[in-house]
Amino acid sequence: MRINGASPSFCANHMSLRINDVTPNFSAETTQGPINFHEWMGDGWTILFSHPKDFTPVCTTELGYMAGLQPEFAKRNCKIIGLSVDPVSSHGKWAADIEETQGHRVNYPMIGDPELKIAKLFDMLPADEGTTSEGRTAANNATVRTVFVIGPDKRIKLMLAYPMSTGRNFDEVLRVLDSMQLTATHKVATPVNWKQGEDVIISPAVSDEEAKQKYPAGWKAPRPYLRFVPQPK
C-alpha cells in the first residue's frame, strides 16, 4: 500500500484529522482491485467506514446492513467503501459469511490494510502499533471503528467513532448525509432529529431582508435567531 504525496515523517507524525480537513489520499488493494482513493471517489460523496478485524460479530451485521442500504446512498451520489485491518484475501471469505447470515451481498469494495498504514494515516491507530495485522486481535485494533463522510471537495464532513460492542446506526448516517447535502445547497441548517421533509432553520448568516426575498411566505420565529421554514425543494 502506498500513501500518495506523504513522506515517512508525515505518516508517523501527522496531525489528527478534523472536520473540513482534506481527506488523506492513498493507493491500496481492495476486494474490487487496486484503487487510488481520491480518483476512486470521483466528484461525488463517499462514506469510508472501518473495522478492527474480519469475522467480528458486530461488524458482520454492519457490513450486511450497509449492503442493503447501498441503493439509497447511490441515489444520493454517494459511494460506500469499507476498510478492515486484515488482507483482502480474508475479506473475500468474510463476505460469504456476511451474505449468508445477513441476507445482503457486499457489492462495495473492502480495503485491505494488513500493514496498518491506512488505519494510522486516518489517525485510528498510533504510529508505533507495528506494521502487520498478523497476530493482532480485534481488541488491539479497537479504535479502528470510525465512519468518515467525505464531500465532493475531498474534505471530511463527518466523523463518528463507536466502541466495538455497539453496532453503528447507518440510518443515522443516511439522515446526516441528507442534511449535509441540503445545507450545502441552501443557506439553512437542520434542527435536532431532523428528517427529510421537516422544517429547517434559516442560517444566521442570512439577514431578515434576504430571508424575506427567499421565503416570501415568512417564517416561524420563537426567537429572532431561531427562524423555521419548510424544507426547500
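On to the packing of helix α3 (residues 57–75) against helix α4 (residues 88–102), then. Relative to each other, α3 and α4 sit at 75 degrees, their axes nearing to 9 Å. In terms of their interaxial angle, α3 and α4 are classed as roughly perpendicular. On α4, the residues touching Cys-59, Thr-60, Thr-61, Leu-63 and Gly-64 of α3 are Trp-94, Ile-98, Thr-101 and Gln-102.

The subject of this paragraph is helix α6 (residues 170–185). With 16 residues, α6 extends 23 Å between its outermost C-alpha atoms, agreeing within 8% with the 22 Å of an ideal straight helix rising 1.5 Å per residue. The complete set of buried residues in α6 reads Phe-170, Val-173, Leu-174, Val-176, Leu-177, Asp-178, Ser-179, Met-180, Gln-181 and Leu-182. Capping of α6 at its N-terminal end is provided by Asn-169; its side-chain oxygen lies 3.1 Å from the backbone amide nitrogen of Asp-171.

Moving on to the pattern of salt bridges. All chains considered together, the criterion is met by 14 salt bridges. For Arg-76, the salt bridge identified is with Asp-178, shortest N-O distance 2.5 Å. Taken together, the positions of Arg-76 in the loop between α3 and β4 (78–84) and Asp-178 in helix α6 put the pair 102 residues apart, joining distant regions of the chain. Grouping residues by exposure puts Arg-76 and Asp-178 together as buried. Notably, a salt bridge pairs Arg-227 with Asp-208, separated by 2.8 Å at the nearest N-O pair. Highlighted residues: Arg-227 in strand β11 (residues 226–229) and Asp-208 in helix α7 (residues 208–214), separated in sequence by 19 residues. By relative accessible area, which is 4% here, Arg-227 ends up buried. Look at Asp-208 and you get partly exposed, because its relative accessible area is 35%.

Quick notes on the rules
Residues numbered from 1 in each chain as written. Predicted model: local features only at pLDDT ≥ 70, side-chain atom pairs only at ≥ 80, totals over all residues. Heavy atoms only, no water. Axes fitted to C-alpha atoms, helices over the stretch in contact; angles between N-to-C directions. Helix = DSSP H or I, 4+ residues; strand = E, 2+ residues; numbered from the N terminus. Parallel < 35°, antiparallel > 145°, perpendicular 65-115°, else oblique. Contact = heavy atoms within 4.5 Å. Expected span 1.5 Å × (residues − 1). Buried < 20%, exposed > 50% of the residue type's maximum accessible area, 1.4 Å probe, protein only. Polar contact = N/O pair within 3.5 Å; in protein donor to acceptor, adjacent residues only side chain to side chain. Salt bridge = Lys/Arg side-chain N within 4 Å of Asp/Glu carboxyl O.

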